[in-house]
Each structure stands twice: as C-alpha cells, then as structure tokens.
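If you want the building blocks of each chain, they are given just below.
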Amino acid sequence: MLVLILRRLAYAAPIALGVSLVCFSLVYLAPGDPLQAVMPADVTPDMVEMIRHEYGFDKPIPVQYALWLWRAVQGDFGLSIGSRRPVIVDVLGSLQNTLLLTSFAVPIAFVIGYTLGAIAGCFPGRWLDRTVTGFAVMGVSVPNYWLGIVMVIAFAVELSWLPATGMGPRGSDAFSIFSLGDLRYLVMPVFTLSMVPVGIIARSTRAAVAEIRGQDFVITLRAKGLSETAVIRHVLKNALPQVLAVMGLQFGYLMGGSILIETVFTWPGSGFLLAKAIINRDIPVLQGAILLLSLVFVATNLVVDLLQSAIDPRIRRA
Amino acid sequence: MQIQPLPDDDLDPRDRGGQAQPLLIVEGLRKFFRVKTQDGKPAAVKAVDDISFTVFKGETLGVVGESGCGKSTLARLLMHLIEPDYGTLIFDGEAVDSPDGITVDTLRQQLQMVFQDSYSSLNPRMPVRDSVAFGPLVHGKTREQARAVAKDMLTKVGLNPDLFGPRYPHELSGGQKQRVNIARALAISPRMVILDEAVSALDKSVEAQVLNLLRQLKRSFSLTYLFISHDLNVVQYISDRVLVMYLGRVVELGPVEDIFSRPKHPYTQALLGSRSSMDPARRLEEPPITGDPPSPIDPPSGCRFRTRCPYAEAVCAAEMPELSTWRDRESHVTACHMQNSASGHSLADVMGRA
Amino acid sequence: MAHTLAVTTPTDLEPDVLPANVVRGYWQSVAYRLRHDPVTLFFGMVILLIILAAIFAPWIAPYDPYKESVIARLKPFGWRGHLIGTDELGRDLLTRIIYGGRISLFMGLAPVAVATVVGGALGILAGFGGRRVNTVIMRTMDVFYAFPSVLLAVAISGAMGGGIANGMIALSMVFTPALCRISETATAQVRNLDFIEAARASGAGTFTILRFHVLGNVLGPIFIYASSLVSVSILLASGLSFLGLGVKPPEPDWGLMLSTLRQSIYVNPWICAMPGAAIFITSICFNLVSDGIRAAMDVRM
C-alpha cells in the first residue's frame, strides 16, 4: 500500500508542477506588460521599476517562474490589487466558504443520486427508469446559474420564503451552521450546486447497477434462493465503490466550479472572489485562487484514487 | 559447367538462384524483449534465441511448439514487422535489409503473412474487397487494377467476389474471414507465405477445407510455405519438413516422416506422445510432460528442456546442446546431448547410435 | 500412423451466415439505427429548428434586436405584441433570444470542433508515435486535465481579457485534453490489432496506414465523445458570458442577457428567466441527441 501511495504521489507531483506552470503563465496571457497586470493602476513609474527589480521581472522567464514558485510554496502570491491584502488571506478565507457549500452539496447529491440511480438500475427500461433517466439528463443539462436565478425568483421574490443572496446579515465570519437563521442562506445555493452531481451520480449508479445485475455472481445468488431484496442489497453494495469514486471527483469539480453559483447568490466563496478578480483585472488573486483550487482538485483525485484502491484490491494490482 | 535451363512453366522471373538456392536462409536470428520484472528490475524475454534454418523452394516447412515458445515472434521477425537484435535473413540469395542486398520493401513484395486471429486481422470498417485490394494499391496499382486483383483473388480462395466482396468482416464466418486473409496475402503475388496459426481458430471441418485450399493455392501459384501451428496433426498433414521449437530455440528439424515416426529429441517425443489418440486402447495413463514451460525471462541453464526432461543429467545443466549440422532437405538434426556421443551423457551412446 | 483429414474441395463453403442482400457498412448501420430512434430524431429536429431560426433570424424575428425603447422596458409576456415581453432597455426579448442563438450555438459548436480536430490529431499522434512522443503529449494533456473545466475556462479567458475569440480559445483548450485522451486510447487499441501489421506487411507506410486503417476506426469514439461535449460547451460559453467574459453588450447572447436581466428580477421576475430557458432547452436537446448517437454508434462489430 505504501508503494502504491508513493507511486501515485510520484505521478501527481509533476502534474501539480505543470498546473503551477500554467497558473504562472496566466500573467503572460494577459495583454500588455505582465507587471502592469499585477500592479495597481495608480503606482508611479519609479515604483514599477523598483518592483520590477525586486520581484525579479527583469530576469529571464525560467528564473521568474522559479522565484514565483518559491514564493508561492511559502504562501506568498503577492498583494491583491483590489483589497491590498495578501492574496493568500483572501483566497483561504473564501475557500472556507466554498468548502461549506460543497460539503453540504456533495453528500446531498450522493444520497439523492444514488437512490434514484439504484431505482432506475433495478427496473431498466421501465417507466421508473425512464423518469429517473430523464431527470438525470435534465440535471446534467441545466445551466445551474440559471437554475439559481429561477430559484431566487420563485422562493425569494415570489414566495419570500428564503433569503435571495449572501451569507446573512452578520457576514461570513460569524456564519454558523448551527444557527437555523444562517442555514436558511445555505438552502438555495446548496440545492442548485447539487443539481449537476445528482444527475451525474444517478447516471453512473444506474449504469453500475445495471451492469452488476447482469454478472454471473448475481445469477448464482438467485439460484441460491436469495430473496430479490437480498440480491439487490448485494448489487448495491458492489456498485458503491464505483459511485463513491464518481462522488469524490464531483467534490473536486464543485470546489473549482462553484464560480457561477457563487456569483448568482453573491456567496463570498473562492468562485465569487475569482469573479470579482476578473472584473477588476486582479491577476495576482486570479493566479493564487486558480492555483489553490486546482491543487485541491489534484489532491481530491489523488485521495479518491487511493481510497478506491484501498476498497477494491483489483485496482491495487494494476 | 553448364546451367541446366528449367522448364518454362516453372520459371519465376523473380527467381534468382535457381532451384538449388534455398528461398530463405535464416542465420543466428535473435530477439530479446526488454521488460521489467515484478520488483522493477529490467530483464529480457528471450523470445527467439539464436535460430538458424533454411526454407527450400517449393516446400512447406512446419513450425511446431507450445504457445509462448516464440513461434509468432519468429514469424514477425521474418516479415521484419519487428527488428531482430541479431541475425541474417537471406532471401533467394540476397541479404535482407543490408546495403548489398534487398530492402525490407522488396522482401515484403515476395514474402507475405496470414495472421492467426481472423477477427482482428481484417479492418472492421472496410469492405473485405478493399482489404484485399489494399496491398496492390500500395504497390502502385490503380484503383481499378487493384479491384480487379481483389476480385480475382477472392474467386481463387473460393469466395464469390460479387457476393462477399462488398461485405464487412463481421458479416463473414471465421472460415470466410480466413479465406479473405489468404486472398489478401496472395494479392501482391508473393513467392513465400508465412501462415501463423492460420487455421488454429477454425472449426475442424472448416479447418480441413482451408488446409486443402492452401495446398491447392500452393500448387497453382508455386508457393513456398512456412506453416506455424501448435496442432501436430495439421502440421503433419501439410508439411514437407518440420521444425520443433522450445523456449525460443530450435530443438529438432527434419523431414516430416522422420520427425513423426522417429523423433529424436525428448521434447518432440513428449509432444507426439501428448497427442490425443483416436484409439482408446492407446490412451495415455500419464501425461508425457507435466507443468508449464519455464519462463523465457530466466530460462534454465544449459539445455532449456532439462527441467522437464526425464533423461536430464549434469551435462544438460552445464552445457547448451547445439543443433547438429545438417546438409540438405533430408537431414534430420536435433539439439540434444543424448544424440552426441562426445557429450558425456550416459545415454549418448545408446541413443546416438539408434 | 495413418492420418486422414476429411477432404472437400475448397469451394465447398461452410453455410452462409447472412442473407446475401443485407450488406451494410458501419455508417450505414448507424444511420439505420438513428432513423429508427424517434426520441433522437425528435430532439434532432428541435436542434435543427433552433439552428435554422438563428441563421434566418433577420427574416423570422419580429423586431429589431438593437432597437431600444424607453417606454417599453421590462414589459410582461404578450405586452403590445412582444410575445415574451421586453428587456431592461425595452428591446423585444423573443427577437433577442432568436438572435442570441447565433453566438450561443457558435460558441457551443466551434470550440468542440476545434478541440476535435486538434485533440483528435494529437491523440492519434500520441497513440501511433513512439513512446517519447506519447509521453510528451499525454503528460502535457494530464496537466490541463488536472483543472476543473469551469476553472480552466475562466482562468484562460479571464487572464486574456474576455471576448468571443478568447472565450473560444479557452473552451477549445478545455476540451482538447479530453478528446486527446479518447483518441489516444482508441488509437492504441487499434494499433495493436493484426490488420495494422497486415497493412505494414503489405508494404504500406505509416501515413497510408493512418489514413486507411486507423482513422476510420478511431473517428467513431472521438465523434461520440465530441457530441456529448456540445451541450457542455454551450453551458460553459454562456457561463463565461454570464460572468462578463464573453460577448460585449449590446450583442445578443443568452448568457449575457441572463446576466443583465438578473438585475431586474424584482421588477419582472419571469421575464428574466427566459434566456436561461433557451440555454436549458438547447443543452438538453444536444444531450439527448448525443445519447442517441452514442447508442447508435457504440456497437462492437
């Protein structure tokens, strides 16, 4: 197992390095002088020259990358042009809020998706299956930012049941998941965010269940005289690792992909921070947030991979 | 000395050395595949290890051996589909892939191959007539000419070109697919064809039909065959001479009657003994050889068969027996210490004289 | 040892497996299955209608998409001949949605097309080239694969500064790695099959083999996957516009319209949801058609 962990780490490390290289090069994708992109607009030319020298922008690009990476490893992504705070402070703070959303959305999506998928997989071709499949297609096809707006229109504007946006009057720092009043702010963002994973998890569960139901050991179970419920229990247990892996990946996707939802609900998470950074052309924040979010994604994939091989010995050997 | 002119109908314009010149001479052919063992150390699979033999014009040389003994690697080496590590191929007196010989491309115009797996040996997205026409097209024929060749070839292998030509491989049976494969190999009119387990995947009845087709085609196109199979009955039926392989080496080579009636090498004897007999009275009580062959990554020292050989002695572990020298088509040679009176094997005198 | 094999003449064929008149190639059989799939046909027709409406927008749309009106802002459904109302500048919403299909569909299809060509070619190169070529291409793709797609699209177009062209580049870069993987896997599977060796044995060069024997066998999986990306591309492209990274106003685009109308949800809520509904319907149609294509094409032969 240790060998496996090391091998997977050895595979993930160069990818993480490549990810950092892509993030670094974002500055050079921006039109104009890269230094201009990372500096507030009102600095004097002398300041620009000073920082150009101090941050090593006058050095060759590989050296610049090494310097940038070295600072990034230490948590230094420079100052945010918008807030003038260190980028890392802003990014980590917002990352927490995104984590709050996803850690509610993913389990909910799993429960709903797995249940629906299991039902569909047990009755392939029947109307129940068709209904679930249709619902799953809608889940993966819906623009979730639009769904969020529709929810706001229905439950905030028309019915006034739920607050439309934000994290509550006391702000994100005082937000508590144990306060019923605060939780009301979570309902719509979490539901909207879980729509796509519900569709994806339901689809993969259905496929897994349908496939396992056709395998020989299920026939053996039936031949043994097991009741249909017991057979289904076996099938569902066998489908679980596959679906858990899909769920893990969805967690990573949502962490990085919540930008639109957070914009709709003005949820002060990492995605919202990114959206603001784009509007303000705040490249240091853009760089830092994207690097951290994609590293979270790489790490999630790694963990899912390792967990899966811990559960399923067949993968370990491969 | 005067060269005897051959009868016109036997004379292939591409024939260079005459009947006496062997069509293919293989010398010291070797191919090791680099692999990694389970603990990550580099190792070499000795798939083909120092093989030499000769294929005479117009004959069928059968190659037998257990699966994994390097038969298919040998076929691919001969076609230059994989590069040999060492060794020389001489095709009709000309060294292949050498500055003063012929190129691989020239070789492939005269040497063709029929593959084992009729499922994957035809492009599933191509009508079979196009698969057959592909070779001639590559060799510079026009589309119409290539189609005409394909039509002709399909007829020759017993398939109605109008009926079967436009079909896709999945619409053909195994035997029909193998006929198409034969047609494809023959479409660029080679002089020699390598048949790598060409009938092994077929039903017995279909196998017999295809074997007879091969014999008939050999006659009408004056072909030379290298016939690779693990099926001894089939090899006995079709071959003039037989080469027996074990773990990448030649252990015995000789005319088919000699090999089948008087096998010299213990491995050949065991192989023949393991054939299921039609006669219940001759049913075997014990298997003649047991176990799987050793790994070709780390073959036994000395004679590779010694770990399964009932006669193995110290000399067999110490020295690798060499194939005794042969002279002509009638030579029956083997690589076994028991056949060499100078080897020091205790049975050498008894067996060697027999 | 007497040995006899049943002797028959070579022309004695084993029983024919198929009626002679049913000779069908792969693509013909795919078309046959699609013709008999009413769901896919129906949603395919809907897509066709949306595309035709976008192309012939000037002849179909009831109003001028840029004509503003101070008195007609955010009017409800059916107000004075505006079937689904007007937007925040008094422009006819239906007209703008019909016109908006032009950019939205283009942004759905073009990046997928670019990624199919680039990713497909890279994948074939990686699958058929040597080990070193494969490592360089595939490890590079792995890096881009390590970004969640939304994030990568936002990062690239955000850094480059938005706009249609940058959005297209960003989305193409998002889809290329996935298509490259599909294409590499398919190529690697095909390259080990005997018919490739047989083609080499016939004396064909690498390029000829690629053209005649590899391409036909890998296009299927590539196309299946690419078709499933169209809907994703539409969602992502509209998402970029929604974030202000796509089209600039006053051009009509579904994502951008949704974003600007969002400010007015307290004035006339359901009007604001309309552009999003257009995205949803289009995306669902492409998804269902893609499912149909997959079902029709995903058969082993």
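Described in the following lines is the structure provided in the data block.

Some details on the overall build of chain A
Phase 1 of the analysis: Of regular secondary structure, chain A possesses 14 helices and zero strands.
Phase 2 of the analysis: By the burial criterion, 49% of the 318 residues in chain A qualify as buried.
Phase 3 of the analysis: In chain A, 72% of the contacts between residues at least 6 apart in sequence involve partners at least 24 apart.
Phase 4 of the analysis: Within the structure as shown, chain A displays about 15200 Å² of accessible surface, and the carbon and sulfur contribution to it stands at 68%.

Overview of the interface of chain C and chain A
Phase 1 of the analysis: On the chain A side, the residues contacting the 40 residues of chain C number 46 residues.
Phase 2 of the analysis: Together, the buried faces of chain C and chain A total about 3700 Å²; carbon and sulfur atoms form 78% of this surface.
Phase 3 of the analysis: Where chain C packs against chain A, one counts one salt bridge.
Phase 4 of the analysis: With a shortest N-O distance of 2.9 Å, Arg203(A) and Asp291(C) are connected by a salt bridge.
Phase 5 of the analysis: For the pair chain C and chain A, the interface holds eight residue pairs in polar contact (both at pLDDT 80 or more).
Phase 6 of the analysis: Counting residues per element, the ones that place at least two in the side of chain C that touches chain A are helix 5 (131-145), helix 6 (149-160), helix 9 (206-242), helix 11 (269-272) and helix 12 (274-297) of chain C.
Phase 7 of the analysis: The class makeup of the residues in the side of chain C that touches chain A is 28 nonpolar, eight polar and four charged.

Some words on a nonpolar patch on the surface
Residues and elements named next belong to chain C.
Phase 1 of the analysis: A contiguous nonpolar patch, built from Met 45, Leu 48, Leu 52, Ile 55, Phe 56, Trp 59 and Ile 60 and spanning about 750 Å² of accessible area, is present on the exposed surface.
Phase 2 of the analysis: Of all elements in the fold, only helix 2 (38-55) and helix 3 (57-60) reach the threshold of two or more residues within the nonpolar patch.
Phase 3 of the analysis: Considering each element in turn, the nonpolar patch owes the most residues, four residues, to helix 2.
Phase 4 of the analysis: Inspection of the secondary structure assignment puts Leu 48 in helix 2.
Phase 5 of the analysis: For Leu 48, a relative accessible area of 44% corresponds to the partly exposed category.

Regarding the packing of aromatic side chains
Phase 1 of the analysis: Summed over the entire model, instances satisfying the criterion amount to 14 aromatic pairs over all chains.
Phase 2 of the analysis: Members of the aromatic cluster, each reached through a chain of ring pairs, are Phe24(A), Tyr65(A) and Trp68(A).
Phase 3 of the analysis: When the ring centre of Tyr237(B) is taken as origin, the NZ or CZ atom of Arg215(B), which lies over that ring, is 4.4 Å away.
Phase 4 of the analysis: Looking at Arg181(C), its charged tip hangs above the ring of Tyr145(C), at a distance of 3.8 Å from the centre.

Examining the sheet that holds strand 1 (residues 24-36) of chain B
What holds strands together in a sheet is hydrogen bonding between their backbones, with the strands either parallel or antiparallel.
Residues and elements named next belong to chain B.
Phase 1 of the analysis: With antiparallel pairing, four strands are arranged side by side in an open sheet as 2-1-4-5. Where the open sheet ends on each side, the last strands, each with one partner, are strand 2 (42-55) and strand 5 (94-95).
Phase 2 of the analysis: Pairing analysis gives five bridges linking strand 1 to strand 4 (residues 86-91), with the strands arranged antiparallel. Each residue of the ladder has a partner; that of Val 26, found in strand 4, is Leu 89.
Phase 3 of the analysis: Of the strands in this sheet, strand 1, strand 2 and strand 4 touch helix 1 (residues 71-78), which is tilted by about 115° from strand 1.

With respect to the pairing of strand 7 (residues 192-196) of chain B
Residue and element names in this part refer to chain B.
Phase 1 of the analysis: In terms of residue burial, strand 7 counts as a mostly covered element, since five of its five residues are buried.
Phase 2 of the analysis: The two faces of strand 7 match: Met 192, Ile 194 and Asp 196 on one face and Val 193 and Leu 195 on the other face are all buried.
Phase 3 of the analysis: The pairing of strand 6 (residues 111-114) with strand 7 spans four bridges and is classified as parallel. Bridging from a neighbouring strand, Met 113 pairs with Ile 194 of strand 7.
Phase 4 of the analysis: As paired strands, strand 7 and strand 8 (residues 224-228) are joined by five bridges and run parallel to one another. Bridging across to strand 8, Val 193 finds its partner in Tyr 225.
Phase 5 of the analysis: Regarding topology, helix 7 (residues 204-221) serves as the crossover connection from strand 7 to the parallel strand 8, and that connection is right-handed.

Quick notes on the nonpolar core
Phase 1 of the analysis: Formed by 142 residues in total, the largest nonpolar core has its most connected members in Val19(A) and Ile290(A).
Phase 2 of the analysis: The greatest single-element share of this core, amounting to 14 residues, is contributed by helix 9 of chain C.
Phase 3 of the analysis: Every residue in contact with Val19(A), bar those within four places of it in the chain, is listed here: Leu291(A), Ser294(A), Val298(A), Val143(C), Ala146(C) and Phe147(C).

Procedures and definitions
- Per chain, residue numbering runs from 1 following the sequence as it is written.
- Written order decides the labels, with chains lettered from A and ligands numbered from 1.
- Residue-level local features of this predicted model are given only where pLDDT is at least 70; pairs of side-chain atoms are given and counted only at 80 or more, and the full residue set underlies all totals for whole chains, interfaces and linings.
- Based on all heavy atoms of the structure, the side-chain values leave hydrogens and waters out of the count.
- Per the convention used, a helix needs a DSSP run of H or I reaching at least four residues, while a strand needs a run of E reaching at least two, with both numbered from the N terminus.
- A simple rule labels every residue: compare its accessible area, found with a 1.4 Å probe on the protein chains alone, to the largest value its type can have, and call it buried under 20%, exposed over 50%, or partly exposed in between.
- Contacts are residue-level and defined by heavy atoms, with any inter-residue pair within 4.5 Å sufficient.
- Residue burial considers only the protein chains on display, and all accessible areas are found by Shrake-Rupley using a 1.4 Å probe.
- Here the buried area means the combined drop in accessible surface, using a 1.4 Å probe, for two parts upon being joined, counting both sides.
- A carboxyl oxygen of Asp or Glu within 4 Å of a side-chain nitrogen of Lys or Arg is what we treat as a salt bridge.
- Counted as a polar contact is a pair of N or O atoms within 3.5 Å, where, for protein atoms, one must be capable of donating a hydrogen and the other of accepting one, and residues adjacent in sequence contribute only when both atoms are in side chains.
- Throughout, the ten residues Ala, Val, Leu, Ile, Met, Phe, Trp, Tyr, Cys and Pro are labelled nonpolar, Asp, Glu, Lys and Arg are labelled charged, and all others, Gly among them, are labelled polar.
- For patch detection, residues must exceed 30% relative accessible area and be free of salt bridges, and they are connected within 9 Å for like charges or within 5 Å for nonpolar side chains (Val, Leu, Ile, Met, Phe, Trp, Tyr).
- Only rings of Phe, Tyr and Trp enter the pairing, Trp through its six-membered ring, and a pair is recorded when the two centres are within 6.5 Å. The plane angle decides the type: under 30 degrees is stacked, over 60 is edge-to-face, the rest tilted.
- The criterion is that NZ of a Lys, or CZ of an Arg, lies within 6 Å of the ring centre and within 35 degrees of the ring normal, and then a charge sits over that ring.
- Whether two strands pair depends on DSSP finding at least two bridges between them.
- Fitting a line to C-alpha atoms yields each axis, with helices limited to the stretch in contact; the angle taken between N-to-C directions then spans 0 to 180 degrees.
- For the handedness criterion, the strands are oriented away from the viewer, and a crossover whose path from the first strand over the helix to the second runs clockwise is classed as right-handed.
- To qualify as a nonpolar core, a set must consist of buried Ala, Val, Leu, Ile, Met, Phe, Trp, Tyr and Cys residues joined through side-chain atoms within 4.5 Å.

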